[in-house]
Amino acid sequence: MTAQDSYAAVEALGTAPLWRYYGDVLPAQPKPSAVPYLWSYSALRPYLLRFLKELSLEEAERRVLMLVNPGMAEPPATTTSLYAGLQIIGPGETAQAHRHTANAFRYVIEGEGAYTTVNGERVHMHPGDLLLTPNWHWHDHHHEGAEPMVWLDALDYPLTTHCLDVNFFELYGERSQKSSVPDDMSSRQFIHGQLAPAWEIPHTAASPVGNYPWAETRRAFEAIADDAEGSATEGVLLEYKNPLTGGPVLPTMGCRVSRLRPGFRGVPVRRTSGAVYHVVQGSGVAQVGDHRLEWHDKDVFAVPPWHSFELRNASDSADAYLFSFTNEPVLRALGFFREELPEDTDSGRG
Ligand code: GTQ
């Protein structure tokens, strides 16, 4: 019996010899299949409008263009453990009520007059708002405005469906939920961060807040002195908080927003987390590993784990605002989060 015969025999018995796969099983450092990539909003928007015109919501159940990382096409993901999509809904439409294990949120890009009903609470949307639909919460979307409405969807479904196999999904049965609590209640009762309800609020792994409105985000930035140094990597960086814990808004996804002052140039950093950025306003450059991504208003780009990442605001006169989300909460909970400023290491920019 030759060695080849033995390898074939053990393979047929459902095994593999570790010594032949050692570098794949235990690489010296992460080798993500996700690649750095940018989705251009101005290129995609005409197609969103076209599908809006040509397909009803009965024909297209969630009218969403998934942002498919070229390295993670099958099944689709935007970067490691994270998914994002661009959803469009037209005046008078309703996206039917459902729930799933995957945690989700929306970041509103354009339009006025839509709301999402989340477990009976109508949560109204305006550009720049962050709306949560945590794990197993019923949600249906409605649009009562006059112009199309577009938002960025984010879900942790590559984690729940493809890493952990814990996804459940069900339809509500009726197309929309009835309103059962006052509109925007969950946001209104937590919006004054220094004074919060002292009675018992049902505690889940996610933030109880339905909407983190842009109006408050703007006020938060305005309250920070113009000469505040901010972070060396991402400028004046704010994190959306779960008011009950001080932690991230969802157990699997953390959300941040940063203001890059005119001419801002960040120091490079690399992290074990995957991240997705959305350009709220402005233009600049992200150097991600070997890829130079030039970003403009409303674009989305993916930063895979352990890629050197460096941000620059291209304008010498205007601020830029970037919204971002990462899987950092998962990594921190499990002890896998690492962050390195490659300048600090002997290996250079990595
Ligand atoms: O709007 O509920 O992009 O369930 C993917 C799955 C959006 C949604 C997505 C979803 C939704």
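Criteria and thresholds
- Residues numbered from 1 in each chain as written.
- Predicted model: local features only at pLDDT ≥ 70, side-chain atom pairs only at ≥ 80, totals over all residues.
- Heavy atoms only, no water.
- Core = buried A, V, L, I, M, F, W, Y, C linked by side-chain atoms within 4.5 Å.
- Buried < 20%, exposed > 50% of the residue type's maximum accessible area, 1.4 Å probe, protein only.
- Contact = heavy atoms within 4.5 Å.
- Pairing = 2+ DSSP bridges.
- Helix = DSSP H or I, 4+ residues; strand = E, 2+ residues; numbered from the N terminus.
- Axes fitted to C-alpha atoms, helices over the stretch in contact; angles between N-to-C directions.
- pLDDT = per-residue confidence, 0-100.

Student: What's the story with the nonpolar core in this structure? I'm lost.
Tutor: Generally speaking, nonpolar side chains in soluble globular proteins are found buried as a group. F105, L130, L152, Y240, F323 and F325 are the most contacted members of the largest nonpolar core, which totals 38 residues. Ignoring any residue separated from it by four or fewer positions in sequence, one finds F325 in contact with L82, Y83, A84, F105, L152, A154, M253, G254, C255, G274, A275 and V276. Counting 17 residues, the second largest nonpolar core, distinct from the first, contains V269, Y277, V288 and A320.

Student: Even after reading the chapter, I still don't get the sheet that holds strand 5 (residues 104-110), so can you show me in this structure?
Tutor: Each strand in a sheet pairs with another by means of backbone hydrogen bonds, the pair being arranged parallel or else antiparallel. One open sheet accounts for 6 strands, arranged 2-3-10-5-8-12; its pairing is antiparallel. A single partner strand is all that each edge strand has here, and the edge strands are strand 2 (64-66) and strand 12 (211-212). Along the sheet, helix 3 (residues 41-54) makes contact with strand 2, strand 3 (83-89), strand 5 and strand 10 (149-155), crossing strand 3 at roughly 50°.

Student: I'm lost on the pairing of strand 6 (residues 114-118) in this one. Help?
Tutor: On a regular strand, each side chain points to the face opposite its neighbour's, so the side chains alternate between the two faces of the sheet. Summarising burial for strand 6: 5 of the 5 residues are buried, a large majority. Neither face of strand 6 is exposed, since A114, T116 and V118 on one face and Y115 and T117 on the opposite face are all buried. In this structure, strand 6 lies alongside strand 9 (residues 139-143), joined through 5 bridges in antiparallel fashion. Note on strand 9: the bridge partner recorded for T116 is H141. Judged from the 4 bridges that link them, strand 6 and strand 7 (residues 121-124) form a sheet pairing that is antiparallel. From the neighbouring strand, Y115 faces strand 7, where its bridge partner is H124.

Student: Sorry, what's going on with the confidence of the model for the protein chain here?
Tutor: The predicted structure's coordinates, where accompanied by low pLDDT, should not be read in detail. Here the protein chain shows a mean pLDDT of 95. Residues at 70 or above account for 97%. Looking over the protein chain, one finds the lowest element-wise mean pLDDT in helix 2 (residues 22-25), namely 89, and the highest in strand 16 (residues 275-281), namely 99.

Student: So what exactly am I meant to see when it comes to unusual backbone geometry here?
Tutor: Glycine aside, the phi torsion of most residues is negative, and most peptide linkages are trans. A cis amide bond links E74 with the next residue in sequence, P75, at an omega value of -10°. Looking at the element boundaries, P75 is found in the loop between strand 2 and strand 3. In this model, W136 sits at a positive phi of 65°, which is unusual for a non-glycine residue. The residue W136 is located in the loop between strand 8 (130-133) and strand 9 in this model. Non-glycine residue K298 carries a positive phi angle of around 75°. Tracing the backbone shows K298 in the loop between strand 18 (291-295) and strand 19 (300-303).

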